[in-house]
Amino acid sequence: MNLDQLVFLAISGFTITAALAVVWSRNIVRSALALILTFLGVALTFFNLGAGFLGLVQILVYAGAVAVLIIFAIMLVMKPDPGTTNPTTPSRDTHYLGGLLAWLVVIGLGLAIGFTTWPSLPAGPVDDDAVGALAQLLLGNYVVAFEAAAILLLLAVVGAIILAKGADKI
Amino acid sequence: MIGLNHYLLLGTALFGIGLYGVFAKRNAIAILMSVELMLNAVNVNFVAINRFVQPAASLGQLFAIFVIVVAAAEVSVGLALIISIYRQRRSVNLDDFNLMKW
């Protein structure tokens with residue numbers, strides 16, 4: 001086993017363990033902290049794939065902003081007993097159906113991935129100016145989508161303030 | 001040799017875990033967190049395919065950036081909604097949300 005495989009196995013094992021902790025934990029604060037670990041694991045995967053800029057964005061936006069937002073929301077709505085804050089659904093049918101559906105999706109997609117012949121390109125060298133290439137795309141061909149994303153973020157911020165504060169108090 | 005399908009399997013596993021969380025949880029915030037897991041799985045797939053199939057053009061990374069933007073907007077509005085409903089219902093359990101049922 002060479003270093004490549006060892007690094008990949010370590011990162012993906014870490015990520016999947018943290019993701020399972022998000023779903024299985026009974027305490028929602030622990031779920032949120034495991035979610036931060038999952039985000040960091042995905043960021044490590046991005047670094048491993050040579051997408052350094054995206055990994056940094058992942059750490060900044062997900063592990064920074066989104067995680068803090070989720071933890072603040074948890075603090076605002078938490079019940080006094082934290083051990084029961086994240087219960088599974090009371091209906092066993094829904095629970096088993098969800099588990100079954102998730103397994104079906106994973107096995108189906110896994111088989112599809114296994115049987116597809118992918119172009120067996122070795123991962124080429126990473127572009128030195130990857131951020132520059134991304135900026136060329138973002139402000140060139142895809143500038144309309146870029147502006148639309150900016151407007152979407154503005155609308156989301158205004159909407160979140162109005163929803164959380166109450167429209168009559170603005 | 002770690003290839004494209006290993007990364008796709010990692011993405012599939014993350015997606016499945018998120019899907020299970022959406023079905024098996026009652027807490028609205030926990031369901032939002034599971035949706036975030038699924039979005040991250042999609043991002044892993046985008047970046048992996050970009051790296052192995054078309055490394056010259058970074059279109060996959062571009063799409064991943066847009067997914068991150070939309071996910072940030074989604075989580076802010078979703079949490080504001082949850083806090084707003086909590087004010088009225090004193091609960092974040094999805095079973096207690098029947099405001100739009102009649």
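Just so it is clear, the structure is predicted and the values come from calculations on it, not from any experiment.

**Some words on the overall build of chain A**
Step number 1: Across its full length, chain A carries six helices and zero strands.
Step number 2: Going from the N terminus to the C terminus, chain A shows its helices and strands as α-α-α-α-α-α.
Step number 3: Compactness check: chain A gives a C-alpha radius of gyration of 21 Å against a globular reference of 15 Å for 170 residues, more than 25% above the reference.
Step number 4: Considered along the principal axes of its C-alpha atoms, chain A spans approximately 55 × 40 × 25 Å.
Step number 5: The buried share of chain A, taken over its 170 residues, is 32%.
Step number 6: Of all intrachain contacts in chain A linking residues separated by at least 6 positions in sequence, the fraction that spans at least 24 positions is 53%.
Step number 7: Surface accessibility of chain A: about 10,100 Å² in total, with carbon and sulfur atoms responsible for 74%.
Step number 8: Of the side-chain charges in chain A, 6 are positive and 8 negative, and the distance between the mean point of each set is 25 Å.

**What to know about the interface of chain B and chain A**
Step number 1: In this complex, chain B contributes 62 residues to the contact, which on the side of chain A involves 76 residues.
Step number 2: Approximately 6,600 Å² of surface area, both sides summed, lies buried where chain B meets chain A, with 78% of it carried by carbon and sulfur atoms.
Step number 3: A per-residue breakdown of the area chain B buries against chain A is headed by Tyr-20, Met-33 and Arg-51 of chain B, which together make up 11% of the total.
Step number 4: At the boundary of chain B and chain A, one finds zero salt bridges.

**A word on the domain arrangement of chain A**
Step number 1: Domain boundaries in chain A define domain 1 (1-88) and domain 2 (128-170).
Step number 2: Between the C-alpha centres of domain 1 of chain A and domain 2 of chain A the distance comes to 24 Å.

**A closer look at the side chain of Thr-45 of chain A**
Step number 1: Among the secondary structure elements, Thr-45 of chain A is positioned in helix H2 (residues 28-48).
Step number 2: We classify Thr-45 of chain A as buried; its relative accessible area is 3%.
Step number 3: For Thr-45 of chain A, the contacting residues outside a window of four places in its chain are Ile-11 and Thr-15 of chain A together with Tyr-7, Leu-10 and Val-44 of chain B.

**A closer look at a positive patch on the surface**
Step number 1: On the surface, a cluster of positive charge is made up of Lys-165 and Lys-169 of chain A together with Arg-87 and Arg-90 of chain B.
Step number 2: For Lys-165 of chain A, the position within the fold is in helix H6 (residues 143-165).
Step number 3: For Lys-165 of chain A, a relative accessible area of 45% gives the class partly exposed.

**What about the nonpolar core?**
Inside soluble globular proteins, nonpolar side chains tend to come together where they are buried.
Step number 1: Counting 65 residues, the largest nonpolar core has Leu-54 and Ile-70 of chain A together with Ile-29 and Leu-79 of chain B as its most contacted members.
Step number 2: Looking at this core, the elements with two or more residues in it are helix H1 (3-24), H2, helix H3 (52-77), helix H4 (92-115) and helix H5 (130-138) of chain A together with helix H1 (4-24), helix H2 (28-53) and helix H3 (59-89) of chain B.
Step number 3: When we break this core down by domain, the ones giving at least three residues each are domain 1 (1-88) and domain 2 (128-170) of chain A.
Step number 4: Other than its neighbours up to four places away in sequence, Leu-79 of chain B contacts Leu-69, Ile-70 and Ala-73 of chain A together with Ile-29 and Leu-32 of chain B.

**Some points on a nonpolar patch on the surface**
Residues and elements named next belong to chain A.
Step number 1: Residues Phe-14, Leu-37, Leu-40, Leu-44, Phe-47, Leu-56 and Ile-59 make up a contiguous nonpolar surface patch of about 550 Å² in total accessible area.
Step number 2: Secondary-structure elements contributing two or more residues to the nonpolar patch are H2 and H3.
Step number 3: Looking at the nonpolar patch, the element that brings in the most residues is H2, giving four residues.
Step number 4: Counting through the fold element by element, Phe-47 comes out in helix H2.
Step number 5: Look at Phe-47 and you get partly exposed, because its relative accessible area is 37%.

Calculation notes
- Residues numbered from 1 in each chain as written.
- Chains lettered and ligands numbered in written order.
- Predicted model: local features only at pLDDT ≥ 70, side-chain atom pairs only at ≥ 80, totals over all residues.
- Heavy atoms only, no water.
- Helix = DSSP H or I, 4+ residues; strand = E, 2+ residues; numbered from the N terminus.
- Rg over C-alpha atoms; globule rule 2.2 N^0.38 Å.
- Buried < 20%, exposed > 50% of the residue type's maximum accessible area, 1.4 Å probe, protein only.
- Contact = heavy atoms within 4.5 Å.
- Areas by Shrake-Rupley, 256 points an atom, 1.4 Å probe, with all protein chains shown as cover.
- Lys, Arg positive; Asp, Glu negative; His and termini not counted.
- Charge placed at Lys NZ, Arg CZ, Asp CG, Glu CD.
- Buried area = accessible area lost by both parts, 1.4 Å probe.
- Salt bridge = Lys/Arg side-chain N within 4 Å of Asp/Glu carboxyl O.
- Domains from an automatic or database assignment.
- Patch = residues over 30% accessible without salt bridge, like charges linked within 9 Å, V, L, I, M, F, W, Y side chains within 5 Å.
- Core = buried A, V, L, I, M, F, W, Y, C linked by side-chain atoms within 4.5 Å.

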